[in-house]
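As a plain string of letters, each chain reads:
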Amino acid sequence: MGPSFQASREAFKSAKRCIPGGVNSPVRGFGSVGGTPLFIERGKGSRIWDIDGNEYIDYVGSWGPLILGHADPGVLKAMRETLKQGTSFGAPTEIETRLAQAICRALPSVKRVRMVSSGTEATMSAIRLARAATGRDRVLKFDGCYHGHSDGLLVGAGSGVATLGIPGSPGIPAAMTELTVQAPYNNLEAVAAAFASWPGEIACIIVEPVAGNMGCILPRPGFLKGLRALCDAEGALLIFDEVMTGFRVAAGSAQGLYGVRPDLTCLGKVVGGGMPAAAYGGRNDLMRRVAPAGDVYQAGTLSGNPVAMAAGLATLERLEAPGVYERLGARAQALAQGLQTLAEEIGVELTTTSVGGMFGFSFHPGPIDCFTQAQENHEARFRRFFSRMIEGGVNLAPSAYETGFVSLAHTQADIGRTLEVARKGLEAAARVR
Ligand code: KE4
């Protein structure tokens, strides 16, 4: 007898009466995998429990922030200490400076940084700054990359947009999307052609240095350095959207891992430690333009919220310890390689990737270098695999267009248990024609 999801079913019915789709973010709704979204009761370390009492090894980790694991004692303690003074003041606090210092310490390209409350705000603001600094209006993004839901970036987007097969989104004026130039990920020729088509008009390229919103797709060797060179040649700015990769793939994030220096960097997820906090930062001459230092306006009631800062700072300080990224990388690699080995043994086509503490898998023979290829994945097999993993007590992202995350709380035993469950999941998927 498999697990019961009755309480989640009831909770979902209630939620749908007052929340669109019953969830506060579309990709949580299980739209592409079917069934009822799990309503979560609590988390601890690598585990979460739903309101039916079912336990799961969790690889969503709130979509990346919980790199230390759920309910990390150090993070909770830092939040409790900060809460004693109050929650929010709408005035500067020293803990905001300390988190900014930690970010600038880790990322040499970031000389000044502004805290915001979501990755969407971070990318939207970085683009406004790039347009102001260059006097140009067009923005180049890559198909399948997701940079949050601001109007101009919901073009050819990955993550929930790809998951639900939504062609862009109604409500976005053509005037906005006309300014967004698209190119296939990992395709420098297409980027060069875009610059040739719009000479002197492209303000910036925004890119996920590891594409985590169409599965997990690594940059081909030379791709990121090629973007840097093209931006330098064309007078455009290079924005690394490291909302997902920031402090996830290496101590110096993806820019450190791949040795490419962006002009602006967007951060989120890990820097908030599970609380609503994100950031954008970069070159001094650019960040000096941001109000009130400069004339590029951006603001936020809860930007730099002290409790969120405490969670983020406690997280980043722990990530400064030696060996952290080796451990995260070993866990993610063991999982990805284990899945690959099982798939080859069972005879089901599967492509897996891992970098730092993130990993991906796709029911696809490979290679997968861009969104068009990613979309050729066998979604029915993904759905079957996903549901078997849930039944077996393993929580994965409910979408073929997302990435998985390990934490410092995930043990080798967790990985071993996950692969035991995955064997049955892959066998079931292999039976789907
Ligand atoms: P938020 O506005 O959701 O904080 O961040 C947007 C964002 C920006 N850039 C990248 C590279 C991102 O991955 C994201 C958000 N990621 C998704 C999942 N891949 C968040 C989950 C959700 O939408 O519910």
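Residues numbered from 1 in each chain as written. Predicted model: local features only at pLDDT ≥ 70, side-chain atom pairs only at ≥ 80, totals over all residues. Heavy atoms only, no water.

Enquirer: Help me understand the overall build of the protein in this model?
Expert: Secondary structure assignment for the protein yields 15 helices and 14 strands. Scaling as 2.2 N^0.38, a compact globule of 433 residues should have a C-alpha radius of gyration of about 22 Å, and the protein matches this with 21 Å. C-alpha extents for the protein along the principal axes are approximately 65 × 55 × 45 Å. Split into buried and exposed, the 433 residues of the protein put 56% on the buried side. Counting contacts in the protein only where the partners sit at least 6 residues apart, residues at least 24 apart contribute 73% of the total. For the protein, the exposed area adds up to about 17700 Å²; of that, 54% sits on carbon and sulfur atoms. (Helix = DSSP H or I, 4+ residues; strand = E, 2+ residues; numbered from the N terminus. Rg over C-alpha atoms; globule rule 2.2 N^0.38 Å. Buried < 20%, exposed > 50% of the residue type's maximum accessible area, 1.4 Å probe, protein only. Contact = heavy atoms within 4.5 Å. Areas by Shrake-Rupley, 256 points an atom, 1.4 Å probe, with all protein chains shown as cover.)

Enquirer: Can you help me understand the sheet that holds strand S13 (residues 394–395) in this one?
Expert: Pairing between the strands of a sheet comes from backbone hydrogen bonds, and it takes one of two forms, parallel or antiparallel. Here 4 strands make up an open sheet; going across it, the order is S1-S2-S3-S13 and the pairing mixed. Only two strands of the sheet have a single neighbouring strand rather than two, namely strand S1 (40–44) and S13. Here S1 runs beside strand S2 (residues 47–50); their pairing, made up of 4 bridges, is antiparallel. Across the sheet, residue Arg42 finds its bridge partner in S2, namely Trp49. Contacting S2, strand S3 (55–58) and S13, helix H15 (residues 412–430) runs over the sheet at an angle of about 110 degrees to S3. (Pairing = 2+ DSSP bridges. Axes fitted to C-alpha atoms, helices over the stretch in contact; angles between N-to-C directions.)

Enquirer: What is the right way to look at the domain arrangement of the protein in this model?
Expert: Many analyses report the size of an interface as the accessible area lost when the parts associate. Its domain assignment divides the protein into domain 1 (6–67 + 322–430) and domain 2 (73–318). Here the C-alpha centroids of domain 1 and domain 2 sit 25 Å apart. Taken together, the contact between domain 1 and domain 2 spans 32 residues of the former and 35 residues of the latter. If you sort the residues of domain 1 by the area they bury against domain 2, Tyr325, Asp369 and Phe371 come out on top, with a joint share of 22%. The interface formed by domain 1 and domain 2 holds 1 salt bridge in total. (Domains from an automatic or database assignment. Buried area = accessible area lost by both parts, 1.4 Å probe. Salt bridge = Lys/Arg side-chain N within 4 Å of Asp/Glu carboxyl O.)

Enquirer: Please explain the packing of helix H3 (residues 94–106) against helix H11 (residues 306–319) as it appears in this structure.
Expert: When two helices pack together, their arrangement is given by the angle between their axes and by how far apart the axes lie. At a closest axis distance of 9 Å, the pairing of H3 and H11 adopts a crossing angle of 35 degrees. The handedness of the crossing between H3 and H11 comes out as left-handed. Contacts from Ile95, Glu96, Arg98, Leu99, Ala102 and Ile103 in H3 reach Pro306, Met309, Ala310, Gly312, Leu313, Leu316 and Glu317 in H11. Taken together, the residues of the contact of H3 with H11 sort by class into 9 nonpolar, 1 polar and 3 charged. (Left-handed = near helix turned anticlockwise from the far one by under 90°. Nonpolar A, V, L, I, M, F, W, Y, C, P; charged D, E, K, R; others polar.)

Enquirer: Sorry if this is basic, but what is going on with the state of the cysteines here?
Expert: Such a bond, covalent and formed between the sulfur atoms of two cysteines, is termed a disulfide. Scanning the entire structure with this criterion turns up 0 disulfides. The thiol sulfur of Cys204 is not disulfide-bonded, and the nearest other cysteine sulfur, from Cys231, lies at 8.1 Å. The buried category is assigned to Cys204, whose relative accessible area is 0%. The structure places no disulfide on Cys266, whose sulfur is separated from the nearest cysteine sulfur, that of Cys204, by 9.3 Å. (Disulfide = S-S within 2.5 Å.)

Enquirer: Before we go on, may I ask you to explain the environment of Glu391 in this structure?
Expert: When you line up the elements, Glu391 lands in helix H14 (residues 379–391). On the accessibility criterion, Glu391 (44% relative accessible area) is partly exposed. Put simply, Glu391 and Gly2 are 389 residues apart on the chain and 6.4 Å apart in space, counted from C-alpha to C-alpha.

Enquirer: Is there a simple way to think about the pattern of salt bridges in this case?
Expert: A pair can form between side chains of opposite charge whenever their charged atoms are brought close. Inspection of the entire model under this criterion finds 15 salt bridges. In this structure, the salt-bridge partner of Lys13 is Glu10, at a minimum N-O distance of 3.2 Å. Separated by 3 residues within a single helix, Lys13 and Glu10 lie in helix H1 (residues 6–16), roughly one turn from each other. Judged by its relative accessible area of 45%, Lys13 falls in the partly exposed class. Arg283 serves as the salt-bridge partner of Asp285, at 2.5 Å between the closest nitrogen and oxygen. Classification of Asp285 by relative accessible area gives partly exposed; the value is 40%. Among the residues examined, Arg283 registers a relative accessible area of 30% and is labelled partly exposed.

Enquirer: Is there a simple way to think about the nonpolar core in this case?
Expert: Across soluble globular proteins, nonpolar side chains have a tendency to be buried as a group. Residues Ile103, Phe142, Ile205, Phe247, Leu319 and Phe385 are the most contacted members of the largest nonpolar core, which totals 95 residues. With 9 residues, the single largest contributor to this core is H11. No fewer than three residues from each of domain 1 (6–67 + 322–430) and domain 2 (73–318) sit in this core. Setting aside anything within four residues of it in sequence, one finds Phe385 in contact with Leu339, Phe361, Phe363, Leu396, Ala422, Gly425, Leu426 and Ala429. (Core = buried A, V, L, I, M, F, W, Y, C linked by side-chain atoms within 4.5 Å.)

Enquirer: What exactly am I supposed to notice about helix H8 (residues 223–234) here?
Expert: With 12 residues, H8 extends 16 Å from end C-alpha to end C-alpha; this agrees with the ideal 16 Å at 1.5 Å per step. Within H8, burial applies to Phe223, Leu224, Gly226, Leu227, Arg228, Leu230 and Cys231. Against the buried residues of H8 lie strand S5 (138–142), helix H7 (188–197), strand S7 (202–207), strand S8 (237–242) and helix H9 (253–258). (Expected span 1.5 Å × (residues − 1).)

Enquirer: When you look at the site of the ligand in this model, what are you seeing that I'm missing?
Expert: The immediate surroundings of the ligand are formed by 17 residues, with Ser25, Thr120, Asn213, Asp241 and Glu402 found nearest. A distance of 2.5 Å is found between a nitrogen atom of the ligand and a side-chain nitrogen or oxygen belonging to Asn213. At a separation of 3.0 Å, a nitrogen atom of the ligand approaches a polar side-chain atom of Lys269. Notes on the ligand: free accessible area 530 Å², of which the protein chains cover 86%. Considered class by class, the residues forming the shell around the ligand number 5 nonpolar, 8 polar and 4 charged. The two domains that each donate at least three residues to the shell around the ligand are domain 1 (6–67 + 322–430) and domain 2 (73–318). (Near = heavy atom within 4 Å. Polar contact = N/O pair within 3.5 Å; in protein donor to acceptor, adjacent residues only side chain to side chain.)

Enquirer: In this structure, what is going on with H1? I would like to understand it.
Expert: Residue pairs three or four apart in sequence face the same way in an α-helix, which turns once every 3.6 residues. Those residues of H1 not exposed but buried are Ser8, Ala11, Phe12 and Ala15. Buried residues of H1, viewed axially, fall in a sector of 105 degrees; they line one side. (Arc of directions from axis to C-beta.)

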